[in-house]
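If you want the building blocks of each chain, they are given just below.
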Amino acid sequence: MPKLTGGATTAEHKIATREAMLDAFIRELHEQGWQNVKLQTVAQAAGVSRTAVYNYFPDKSALLLAWSTREMDRFLLLAERELADRENPVDRIEILVKLTLVEFSLQRFTGIALVELLSAQDRESFLEHIVPLSVLVEQLVQEGVDAGVFVDSDAAASAQLILACVESRRPMLMAGDRVDTVVATTVPFIMRALGVSWPTSLTADPTARPAHDR
């Protein structure tokens, strides 16, 4: 078990230990593949005992769920910071799509591909962690609809279609395609689906009517 240092509290120690386990897990997943991931090797890589791992995670499915949730939380914080000073709905959708594609390019595997290997209950839990991203996209779409920038549509349905479009680009990015190339084809498609003429000025008037109404 990692030693407490520098006056760290027990709570901080537990958080650091959990983080070390998750980091070790994802390294093992990258190197060994899902079928060969063992809690014992995760423990060794994290510098803790196997019993310690079991105290936090009963199995590797729990590790996957925890890691995925952590990464989604991190991504949503990043998105929140990047969107904070942008008001134009077009800018905000573009930024989020770009951030998501960059995130995909940094991953060497896709958690989505592992869903089928999980139990029905774990699969449901895994998919639930994606809900906040879907809610954010829906919010951004609704902002654009309310501002008259995007075509009037069901924001929830549009959000699901946008996410499906972005998700379809993941294999290309994981295979090594350039992010800017993928962005150049994906963003215009999504914008046109929302009724936005593309390319457009980043300082476009957010109260302007969508292209289909002009």
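Treat the numbers as computed from the prediction; the structure is a model and nothing was measured.

Colleague: Requested: an account of the overall build of the protein, with residues and values cited.
Modeller: Within the protein, the regular secondary structure consists of 11 helices and 0 strands. Seen in sequence order, the protein has helices and strands lined up from the N terminus as α-α-α-α-α-α-α-α-α-α-α. Taking all 214 residues of the protein together, the buried fraction comes to 42%. Residue pairs at least 24 apart in sequence account for 67% of intrachain contacts in the protein once pairs closer than 6 positions are excluded.

Colleague: I'd like a description of the confidence of the model for the protein, backed by residues and values.
Modeller: The pLDDT averaged across the protein works out to 85; a share of 85% of its residues lies at or above 70. Counting contacts from residues 1–7, a segment whose pLDDT is below 50, to residues more than four positions away or on other chains yields 12 contacts.

Colleague: Quick rundown of the packing of aromatic side chains? Include the residues and the values.
Modeller: Under the defined criterion, the tally for this structure stands at 1 aromatic pair. Where tyrosine 56 meets phenylalanine 57, the ring centres are 6.3 Å apart and the plane angle is 35°; that geometry is what we call tilted. The class for tyrosine 56 is partly exposed, based on a relative accessible area of 28%. Stacked on the ring of tryptophan 34, the Lys or Arg lysine 60 has its end atom at 4.8 Å from the ring centre. Sitting over the face of the ring of phenylalanine 104, arginine 170 holds its NZ or CZ atom 3.9 Å from the ring centroid.

Colleague: Describe in detail the pattern of salt bridges, supporting the description with residues and values.
Modeller: Oppositely charged side chains can pair when the atoms bearing their charge come close. Taken as a whole, this structure holds 10 salt bridges when the rule is applied. The salt bridge involving glutamate 19 is made with arginine 70; its shortest N-O contact spans 2.8 Å. Taken together, the residues glutamate 19 in helix α1 (residues 10–32) and arginine 70 in helix α4 (residues 60–83) connect sequence positions 51 residues apart. We classify glutamate 19 as partly exposed; its relative accessible area is 29%. For arginine 178, the salt bridge is made with aspartate 180, and the minimal N-O distance between the two is 2.6 Å. Three or more residues joined by partner-sharing salt bridges are found here, namely Glu19, Asp23, Arg70, Glu71, Arg74 and Glu103.

Colleague: Please give an account of the side chain of arginine 92 that cites residues and values.
Modeller: Structurally, the position occupied by arginine 92 is in helix α5 (residues 89–106). For arginine 92, a relative accessible area of 12% corresponds to the buried category.

The rules behind these values
Residues numbered from 1 in each chain as written. Predicted model: local features only at pLDDT ≥ 70, side-chain atom pairs only at ≥ 80, totals over all residues. Heavy atoms only, no water. Helix = DSSP H or I, 4+ residues; strand = E, 2+ residues; numbered from the N terminus. Buried < 20%, exposed > 50% of the residue type's maximum accessible area, 1.4 Å probe, protein only. Contact = heavy atoms within 4.5 Å. pLDDT = per-residue confidence, 0-100. Phe/Tyr/Trp six-rings, centres within 6.5 Å; stacked < 30°, edge-to-face > 60°. Lys NZ or Arg CZ within 6 Å of the ring centre and 35° of its normal. Salt bridge = Lys/Arg side-chain N within 4 Å of Asp/Glu carboxyl O.

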